[in-house]
Every structure is written in structure tokens, then in C-alpha cells.
Amino acid sequence: MKKVLIIGATSAIAEATARLWANAGHQLYLLARDEQKLITIAQDLKIRGAAQVDYAAADFDQTMKHAKLIQQSLSSLHTFDYVLIAHGYLPAAHISDHNIPLALASFHTNAVSTLSFIHFIIQQFKQQKYGTLAVITSVAGDRGRQSNPIYAAAKAAVSVFLQGLQHQFYRSNIHIIDIKPGFVDTPMTAEFKKGLLWAQPETIGQGIAQVFQQPKNCIYLPQFWRYIMLIIRWLPDFILHRTKL
Amino acid sequence: MVFLSGWGHYPIIAADLSRPAHLASIRQQLNNSASIIGQGHQRSYGDSALAQHMIRMTTFDRLLDFNPKTGVLICEAGISLQQLLAIFVPRGWFLPITPGTSYISMGGAIASDIHGKNHHLKGCFSECLYSFSLMIASGDILECSRTQNAELFYATCGGMGLTGIILTAHIQLKAIQSAWITETQYSAHHLNDLLDLFEAHHQATYSVAWIDTLAQGTQLGRSILMLGEHSAIGSLTLAKKNNRTLPINLPIWVLNRYSISAFNQYYFYQGKTTTQPRQVPYQTFFYPLDTIQHWYRLYGKNGFIQYQFVVPKAAGRTALTHILTTIHQYQQYPFLSVLKAFGPANQNYLSFPMEGYTLALDFKLNNTLLPLLDILDAMVLSYGGRLYLAKDARMSETTFKNSYPEWEKFQRVRHQWQAHTRFNSVQSRRIGL
Ligand SMILES: Cc1cc2nc3c(=O)[nH]c(=O)nc-3n(C[C@H](O)[C@H](O)[C@H](O)COP(=O)(O)OP(=O)(O)OC[C@H]3O[C@@H](n4cnc5c(N)ncnc54)[C@H](O)[C@@H]3O)c2cc1C
Ligand SMILES: NC(=O)c1ccc[n+]([C@@H]2O[C@H](COP(=O)([O-])OP(=O)(O)OC[C@H]3O[C@@H](n4cnc5c(N)ncnc54)[C@H](OP(=O)(O)O)[C@@H]3O)[C@@H](O)[C@H]2O)c1
């Protein structure tokens, strides 16, 4: 049985992952801001087979509360075997391009609050001398493009930070994983037209649960996005800038 | 705006589809339109789950309470039966009533008051339903059971989503010892033999027959009857199987009378060789088509219609013979044809089953089909029968109102709760509700 902390547990992708962990009989601690949804999800995961499920609700934007949230999770789990950070906020591009407070608020949620949590987790991992942390960033962070640059910048900031940690903990029992999903059909993207490239959260959840068992530095989910992003990263500016990507 | 259809790919409409994650957003949407309909996994064949504003409930797929001693479960309405079975079969629990596919939602099971291969003994889905919660037109949420808001309960079970949005269900599961089914097959050389077999095996827990609708004359109604019992041996867990998918729509000509005949011959050949009882996993017995995802693509891109009717027992032989011969005369060749015996009807206003026989025929859509189906409607009604709303894409208002005697009661309950000002589907408008 693993002791698992899920930050942003009401996210569709996190929930799909949590179900697999519940089914495997792990003990879970859930953090998210919507208490009503947390209660329902906790109940569901318990019935699906989780050894124990506890939770706490808070708005992650208030980073000064993070220390206490981590403390609460630790007093329930005692140790962190797995930690998944999943929360995120995708502002509508046409709004965040003009609305500066909103753009910065989204950066705060996607980057600052995430980095804050990561610091606390790493402190605990160092004490334990082991642990696996996975953070959901995005393929969007691989290259700045005209659509939603502030979201991409926040995701890129987290990815670069994770790279640094991977370097620090090279050859230790501490594993840091960057998870980069492509398009996923979740409430975050409810307004988008869906096409062939879209995946269901269950598919992404399977990929995440799997990578915890065999940690890698960075995975794309579904995996074909590795190749799509390879091309996009290598496109020369003068070509990329003529596209609507 | 999306293009959407039911399982039969007919009709296709352009409309708004939302997949809310919060109750508040469902409530909000109720103010936006007078043509709203709740939707599950779109396994209904026709237009019952289609409307200008469709609210897909599949995000609401959580388990809320389970008592492992009694098998009483409360869950959200968007969970699929397939998910439920994957969780509960290994723990020794099964759904008391289950249809021919596991990919339907709890909400869809209630809204169509579905029947299974055990209807002759156990009735419709509502028999295992204690209560459900329903968001009505005002946005309020009501708990409905046979004792609380009873009229809404009877209207919603089988009510095709026309009373509100079903949010949660409180149901009874059934204890099993094994995930396996003991299946016995009998071949019948004629419709008369088949109906005799149904009578003789009335006590079998599950029964269903596949009919070769191409056979005529002395072979009319040639069929294989499949009986099933929950097995006492074998484990509760099964090895995972890979689903096979049909990747593209096959050209229309693939389904002509010769290929269908070949399919049926093959099927009969298989059937004839296995009359000894055999052990099969529950999925193989209940959901033979679920292993082939997107099998409807066999019908090509024009789509198809499943014509499912029921005729009262007394009229059974005559009616079925009459209808099968008429189909022959019109040279329409159904691909899959399934016959079942129904037990008595229940109290729900629009539930489909009545004591008698139900036949489901899958027809590829073409120009001559629709006139034939109108003729069949008249025949079915003349024998005192009716058509299943969950499969219907075309019946007329008159046909509906002449064959569902409680439709006015149903409509009165809708008016009482203002449901008619919000919940209207393409189907409900067509049949005059
Ligand atoms: C291969 C196959 C085999 C089948 N076999 C059988 C069978 O043996 N017996 C049988 O009875 N049926 C059978 N069916 C039909 C199927 O069980 C019904 O059509 C069922 O209602 C589909 O459920 P769904 O979740 O896909 O709902 P949808 O198709 O999305 O909707 C069906 C109806 O339910 C309503 N609805 C769905 N969810 C809600 C909700 N949350 N709140 C309010 N209304 C809602 C919709 O408005 C619509 O009227 C079969 C279908 C297929 C494809
Ligand atoms: N969907 C995609 O296409 C896609 C693609 C690449 C990456 N991602 C990333 O995947 C992760 C999961 O998203 P998802 O697709 O599963 O979408 P989702 O279901 O909408 O999940 C987003 C979650 O973030 C939470 N959240 C947002 N702001 C918060 C805050 N200030 N405090 C606490 N929680 C907050 C939301 O909480 P509420 O439930 O309370 O709103 C929600 O649970 C995100 O990091 C996202 O950026 C998604």
C-alpha cells in the first residue's frame, strides 16, 4: 500500500488517476478547493477500494496556507510515497491577452502556487530520503506560441524548475516526473472543439499511474505528443510565426 | 455546436452539447432553453436523447454509498453499467437487470426503464430501484420513490428524460458466486418451436433468442434460444480481454442479403454445435456486441434503425408470423434479430414491456424501409402491441398515443412540475408530448 498525496484532487485527470490508486488499495490524502466535490470524490474512492481517504479544502492561491496543508496531509499519511500535483487554470486566451490582473493571477495559480507546493514536498522527501513527485505541466510549455502565452510561460516555468530538481536528485531515491498532457477532454477544455488529437482523462490517468511505477524524468501523454512537440520545438520561427498554432 | 446522433446514426442533428461538472452549472442551463434533454452514453438508437440543448451527465460517475452486507448502492446517474460491473462483480455483486450492452448509464437505465433477458421473471430496471434524485425544471432537487413524489417516480422510470435530470440512483445489487454464466443453447426449426421452447423454459433465469429472419416458409422463425444461469463455479474475477474495434464505416453494400445470410448461416452453424451447457464469462453472455466497439459501422454511413416492438402473448404466434412474412415481402433484411418473452407490465406510465413477445430487428436505412415500418406499426398496433421509445426514431404521434394508454397521465405530471417548459427532445416533439 502506498501513501499518496494528491494536490488538485478534483481535477478530472487527477480523479481518473486516483481511481486506479483506490482500486490498488492505496491510502489517499486529497487537497482541492471545492469541498463539496471533495466529499463526493473521497466517498467514491473509498468505495472503490482505497485503504483510507482524507481531505482538506483550500484555495491554493493562498500560498501562506501551503505549509499547514502539507502538515495536515502528513499527519494523516505519515509519509509521502507518491505525490501528484494536478491543479491548474486555463484562462480564456482572448481575455488573458488584455486583462493583466487575470493573466498574472493565472500565472500565480499555475506557476507560483505549484512551485510553493513543490518546495514543501521536497523538504519532506529529503527527510524521508525517498519519494516520487509528479507534476502535471503541459505540452503548451514546450514552446511559446501566439495562443495563450501566459499559460505556456507558467507551465514552462514549472517544467524548468522540475529539470533542476531532477539534476539535484540524480541517483537518489527521490524521483521527479514532469507530465505533459496534450489535449484532454476535461472541464478545463469544455469550450473547445474536440478532434482526433483529444484524449480522455482515463487514458491520461493510466499513463500517470504507470509512470509512478517506473519513474521517468518527462513523459508526454498520450505518447504521440512527444513527436508532435519535437516538430513544433524545431520549427524555425519564420515558419512557426506564419501558422495559427 | 456539435453534430450528434444516437446509436443508429439516424437522425443526426446540430445542437449544443454541454458536459457539466457541477450541479450549479446544470441548474444554470435550465434557464437557457425550452428544449433541454439529459443524456447518458448515447446508446439509445434514435432521437430520444437529442435536443437543441443536451446535457451529458457522464461526468457524474461517482459512487456515493455502498453497503457490502446488503448490496445496496447509491451512485451518480452518469456512471456506466460497465464501470459498475467492473467494480462490483469481483466483490460478488451483479446488476439484477441488465440490457444487451453494458455501455449505458444509470440515468439511461432509469429513463428507458430498461429490460433484460430476465424480464419474464424479474421485470424492468425500476424493480431494483429504491429511489432516485431528480433535478426538476425549477432547479430544485427532489428525491423520488414509490412513497415520496410517487407520480414523478412512475413518470420518470421509462419517461425518456422528459421529467428532469436524473442525478443519483439508489439501487439493490444481486449477490453472485461467480462471474461465469452457464449457457445452454437450443435450436428451433420454426417460430412455433421457439415459442414452445420459451414456454417450456419459463423458469430459466435468462433467456433470449436470435432469429434468422431470412429463413422462410417451413423454416420461418428458425432460431437459437439461449438460456443462462449464474454459475456456482468459477471465480469472480476474469482475465482482461482486448476489445476489437471496427475502424471505419464499411461500404453500404457489405450488408446485403447474401452477407447477412452468410452471417446467419455461420451463426447457426456455431449454435448447432454447442447444445451442451457451457461456461461463459458474463460479458460474453450478456454483451456479445460490446467486444466489438463501434459495430454500428457495419451498417455503413447511412445509419440504421432498430425496430423493436412488443405484442401481447395471446396474439404472439399470429402477430410474429404476420410481421416476419411482411418483412420478406418487402425484401428488407434485418441483420440482427432478437426475440424475448416479457412478463407482466409494471405501473410506470411509459414503460415499454407488456406480457408477450418482443422482437428487435436491425435494418440498414434505405428508401423503402420507412414505408415498410409504417405498415409494421399498423400491424403491431392492431395486435395490441407497441414500439420501444429507446429504439425509436420515427413513429408518429398517433402511433405513440394509441399504444401508450397512460400518456395523458404522464403529460399531466410533466405539466404539474413544469417539465414541459424545459425538457423536450426531438422525439418528444415528434410524438406530441
Ligand atoms: C447494443 C445495444 C443493446 C441494447 N439492449 C437493450 C436491452 O436489452 N434492453 C433495453 O431495455 N435496452 C437496450 N438497449 C437500449 C439502451 O439500454 C437504452 O437506450 C438506454 O436508455 C441507453 O442509455 P444511455 O445511458 O446510453 O442513454 P442515452 O442514449 O444517452 O439516453 C437515452 C434516454 O435516457 C435519457 N437519459 C439518459 N441519462 C439521463 C439522465 N441522467 N437524466 C435524465 N434523462 C436521462 C435521455 O434523455 C434519453 O431519453 C440497447 C442498446 C444498444 C446500443
Ligand atoms: N485538459 C487539457 O487539455 C490539459 C492539457 C495539458 C495540461 N493540462 C493540465 O492538467 C491539469 C489538470 O487539469 P484538468 O484537465 O484535469 O482540468 P480540470 O478538471 O478543470 O482541473 C483543474 C483543477 O484545478 C483546480 N484549481 C484551479 N485553480 C485552483 C486554485 N486556485 N486552488 C485550488 N484548485 C484550483 C480546479 O479546481 P475546481 O474543481 O475547484 O475548479 C480543478 O480541480 C492542469 O494542471 C492542467 O493545466 C490539461
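Just so we're clear, the structure is a prediction, and the values are computed from it rather than from any experiment.

Draft legend 1. Main features of the interface of chain A and chain B. Contacts between chain A and chain B engage 16 residues on the former and 16 residues on the latter. Summed over both sides, the interface of chain A with chain B buries roughly 1200 Å², with 47% coming from carbon and sulfur. The tally of links between chain A and chain B comes to three salt bridges. Ionic pairing is found between Arg19(B) and Asp185(A), a salt bridge with its closest N-O pair at 2.9 Å. Applying the counting criterion to the chain A and chain B interface returns eight residue pairs in polar contact (both at pLDDT 80 or more). Tallied by class, residues from the side of chain A that touches chain B come to three nonpolar, five polar and eight charged.

Draft legend 2. Here's a closer look at unusual backbone geometry. Following Leu221(A), the chain continues into Pro222(A) via a peptide bond in cis, with omega recorded as -15°. Residue position: Pro222(A) is located in the loop between strand S7 (218-221) and helix H8 (225-234). The omega torsion across Tyr10(B) and Pro11(B) is -10°, close enough to zero to call that bond cis. Here Pro11(B) shows up in the loop between strand S1 (2-5) and strand S2 (12-18).

Draft legend 3. The arrangement of the sheet that holds strand S9 (residues 141-145) of chain B in detail. Reading across from one edge, S5-S6-S10-S8-S9 (chain B) is the order of the five strands in this open sheet, with antiparallel pairing throughout. Strands at the two margins of the open sheet, each flanked by one partner only, are strand S5 (63-67) and S9 of chain B. Taking the axes of each pair of neighbouring strands and ignoring which way they run, one obtains an average angle of 15° across the sheet. Of the strand pairs in this sheet, S5(B) and strand S6 (residues 72-76) of chain B are connected by four bridges, and their pairing is antiparallel. Residue Phe66(B) lies in a different strand from S6(B), and its bridge partner there is Leu73(B). Along the sheet face, helix H2 (residues 35-47) of chain A touches S5 and S6 of chain B and points at about 40° away from the line of S5(B). Against the sheet, helix H2 (residues 81-88) of chain B contacts S5 and S6 of chain B, and its axis sits at roughly 40° relative to S5(B).

Draft legend 4. Quick look at the site of ligand 1. Residues and elements named next belong to chain B. Taken together, 34 residues sit near ligand 1, with Gly38, Arg43, Ser44, Ser105 and Tyr388 positioned nearest. Between His41 and ligand 1, the recorded distance is 3.0 Å, taken from a backbone N or O atom to an oxygen atom. If ligand 1 stood free it would expose 950 Å²; the protein chains cover 96% of that surface. Those elements that provide at least two residues to the shell around ligand 1 are strand S3 (36-39), helix H3 (106-111) and strand S10 (165-172).

Draft legend 5. Molecular detail of the packing of aromatic side chains. Residue and element names in this part refer to chain B. For the coordinates displayed, the defined rule picks out 26 aromatic pairs over all chains. Aromatic pair Phe66 and Phe88: ring centres 4.5 Å apart, planes at 50°, arrangement tilted. Of this pair, Phe66 sits in strand S5 while Phe88 sits in helix H2, placing them 22 residues apart in sequence. For Phe66, a relative accessible area of 12% gives the class buried. Exposure remark for Phe88: the relative accessible area of 2% places this residue in the buried category. Seen in terms of ring centroids, Phe66 and Trp93 are 6.3 Å apart; in terms of plane orientation they differ by 85°. Their pairing is edge-to-face. Of this pair, Phe66 sits in strand S5 while Trp93 sits in strand S7 (residues 93-94), placing them 27 residues apart in sequence. Among the aromatic residues, those joined into a cluster by ring pairs are Phe94, Tyr206, Tyr282, Phe285, Phe286 and Tyr287.

Draft legend 6. Molecular detail of the site of ligand 2. Residues and elements named next belong to chain A. Close contacts around ligand 2 come from 27 residues, with Thr10, Ala12, Tyr151, Val184 and Thr186 the closest. Here Arg33 contributes a side-chain N or O atom positioned 2.9 Å from an oxygen atom of ligand 2. At 2.6 Å, a side-chain N or O of Tyr151 approaches an oxygen atom of ligand 2. Its free accessible area being 890 Å², ligand 2 has 91% of it covered by the protein chains. For the shell around ligand 2, a count of residues per class yields 11 nonpolar, 10 polar and six charged.

Draft legend 7. Representation of a nonpolar patch on the surface in the model. Residue and element names in this part refer to chain A. Among the surface-exposed residues, Phe183, Leu197, Phe224, Tyr227, Leu230, Ile231 and Trp234 lie close enough to one another that they form a single nonpolar patch of about 760 Å² accessible area. Counting through the fold element by element, Phe183 comes out in the loop between strand S6 (174-181) and helix H7 (201-213). The exposure class assigned to Phe183 is partly exposed, which follows from its relative accessible area of 35%.

Draft legend 8. Fine view of H8(A). Residues and elements named next belong to chain A. Those residues of H8 that sit buried are Trp225, Met229 and Ile232. The buried residues of H8 all sit within an arc of 60° when viewed along its axis, so they share a single face. With respect to the buried face of H8, the exposed residues turned more than 90 degrees away are Tyr227, Ile231 and Trp234. Of the surrounding secondary structure, the elements contacted by the buried residues of H8 are S7.

Draft legend 9. Structural view of the side chain of Thr205(B). All names here are of chain B. Considering the arrangement of structural elements, one finds Thr205 in the loop between helix H6 (191-200) and strand S13 (206-211). A residue is classified by how much of its surface remains accessible, and Thr205, at 19% relative accessible area, is buried. Among the polar contacts listed, one links the side chain of Thr205 to the side chain of Glu229, at a separation of 2.4 Å. Dropping the residues within four chain positions of it, Thr205 is found in contact with Lys117, Asn118, His120, Leu121, Lys174, Gly228 and Glu229.

The rules behind each value
- Residues numbered from 1 in each chain as written.
- Chains lettered and ligands numbered in written order.
- Predicted model: local features only at pLDDT ≥ 70, side-chain atom pairs only at ≥ 80, totals over all residues.
- Heavy atoms only, no water.
- Contact = heavy atoms within 4.5 Å.
- Buried area = accessible area lost by both parts, 1.4 Å probe.
- Salt bridge = Lys/Arg side-chain N within 4 Å of Asp/Glu carboxyl O.
- Polar contact = N/O pair within 3.5 Å; in protein donor to acceptor, adjacent residues only side chain to side chain.
- Nonpolar A, V, L, I, M, F, W, Y, C, P; charged D, E, K, R; others polar.
- Helix = DSSP H or I, 4+ residues; strand = E, 2+ residues; numbered from the N terminus.
- Pairing = 2+ DSSP bridges.
- Axes fitted to C-alpha atoms, helices over the stretch in contact; angles between N-to-C directions.
- Near = heavy atom within 4 Å.
- Areas by Shrake-Rupley, 256 points an atom, 1.4 Å probe, with all protein chains shown as cover.
- Phe/Tyr/Trp six-rings, centres within 6.5 Å; stacked < 30°, edge-to-face > 60°.
- Buried < 20%, exposed > 50% of the residue type's maximum accessible area, 1.4 Å probe, protein only.
- Patch = residues over 30% accessible without salt bridge, like charges linked within 9 Å, V, L, I, M, F, W, Y side chains within 5 Å.
- Arc of directions from axis to C-beta.

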